[in-house]
Amino acid sequence: MDDKRVGIYFDIILIFYRAMVVYASESGANIRVKLVWINARCPRQPGGTECGYYVMKFMKEIAYEGVEILDNDNVGKGVEEYSAADMDGIREDWLTYAVNSIFKL
């Protein structure tokens, strides 16, 4: 991992830790939570236009399988890229949701 990515990674961690401190102080909770960070492996998008679909597919897998899927490196059934059929399935799910929302079906 290059130095720039490492710096961004630690900046994100710092933001989460600060958010937890602010939450605890504003909620009146006297708790200290240790966040456990997981380096989740997931399929990578091959191009620059599929990112939204990859995020939706990733979130859907976590919702259906539970967060435990992140621990065992099995997001996307261990594949390097989602297939065209996987992407078509996400597009169809999104389209069904959008049409149902617009037309209140």
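Read on for a plain summary of the structure. Per-chain numbering applies: the sequence of each chain, read as written, is numbered from 1 onward. The predicted nature of this model means local features are confined to residues of pLDDT at least 70 and side-chain atom pairs, given and counted, to a pLDDT of 80 or more, with totals for whole chains, interfaces and linings taken over all residues. The side-chain numbers reported here are obtained from all heavy atoms of the structure, hydrogens and water having been left aside.

1. Describing the overall build of the protein chain
Next up, step 1: Runs of E in the DSSP output that reach at least two residues are strands. Runs of H or I that reach at least four are helices, and both are numbered from the N terminus. Within the protein chain, the regular secondary structure consists of four helices and zero strands.
Next up, step 2: When the helices and strands of the protein chain are listed from N to C terminus, the series reads α-α-α-α.
Next up, step 3: Of all 105 residues assigned to the protein chain, the portion counted as buried reaches 16%.
Next up, step 4: Long-range contacts, defined as pairs at least 24 residues apart, comprise 56% of the intrachain contacts of the protein chain with a sequence gap of at least 6.
Next up, step 5: Working note: accessible area of the protein chain is about 8600 Å², and carbon and sulfur atoms make up 59% of it. Exposure is judged per residue with a 1.4 Å probe applied to protein chains only, and the accessible area is read against the type maximum: over 50% gives exposed, under 20% gives buried, and values in between give partly exposed. Contact definition: two residues touch when any of their heavy atoms are within 4.5 Å. Each accessible area is a Shrake-Rupley result for a 1.4 Å probe, and residues are judged covered by the shown protein chains and nothing else.

2. Things to note about the pattern of salt bridges
Next up, step 1: Any Lys or Arg side-chain nitrogen located within 4 Å of an Asp or Glu carboxyl oxygen qualifies as a salt bridge. Evaluated as defined, the whole model comprises three salt bridges.
Next up, step 2: The partner of Lys60 in a salt bridge is Asp93, and the shortest N-O contact between them spans 2.3 Å. Of this pair, Lys60 sits in helix α2 (residues 51-65) while Asp93 is found in helix α4 (residues 84-103), placing the two residues 33 residues apart along the sequence.
Next up, step 3: Between Arg91 and Asp88 there is a salt bridge, with the nearest N and O atoms lying 3.1 Å from each other.

3. Regarding the packing of aromatic side chains
Next up, step 1: Two rings from Phe, Tyr or Trp (for Trp, the six-membered ring) form a pair when their centres sit within 6.5 Å of each other. Planes less than 30 degrees apart are called stacked, planes more than 60 degrees apart edge-to-face, and all others tilted. Under the counting rule described, the total for this entry stands at one aromatic pair.
Next up, step 2: Two conditions define a charge sitting above a ring: the NZ of Lys or the CZ of Arg must be within 6 Å of the ring centre, and it must be within 35 degrees of the ring normal. In this arrangement the basic side chain of Arg91 is found over the ring face of Tyr53, its NZ or CZ atom lying 4.6 Å from the centre.

4. Regarding a nonpolar patch on the surface
Next up, step 1: Patch definition: residues above 30% relative accessible area lacking any salt bridge, with like charges linked at up to 9 Å and the nonpolar side chains Val, Leu, Ile, Met, Phe, Trp and Tyr linked at up to 5 Å. A cluster of nonpolar side chains, Ile8, Tyr9, Phe10, Ile12, Phe16 and Trp37, forms an exposed patch at the surface whose accessible area comes to about 580 Å².
Next up, step 2: Mapped onto the secondary structure, Tyr9 falls in helix α1 (residues 3-27).

5. As for α2
Next up, step 1: Between the first and last residue of a helix there are one fewer steps than residues, each counted as 1.5 Å, and that sum is the expected span. With 15 residues, α2 should reach 21 Å at 1.5 Å per residue; the first-to-last C-alpha distance of 21 Å fits that figure.
Next up, step 2: Listing the buried residues of α2 in full gives Tyr54, Lys57, Glu61 and Ile62. All buried residues of α2 project into a common sector of 135° when viewed along the axis, lining one side. Opposite the packed face of α2, turned more than 90 degrees from it, sit the exposed residues Met59, Ala63 and Tyr64.
Next up, step 3: Phi turns positive one or two residues past the end of α2, at Gly66, with a value near 90°. In this context, the arc is that of the directions from the helix axis out to the C-beta atoms.

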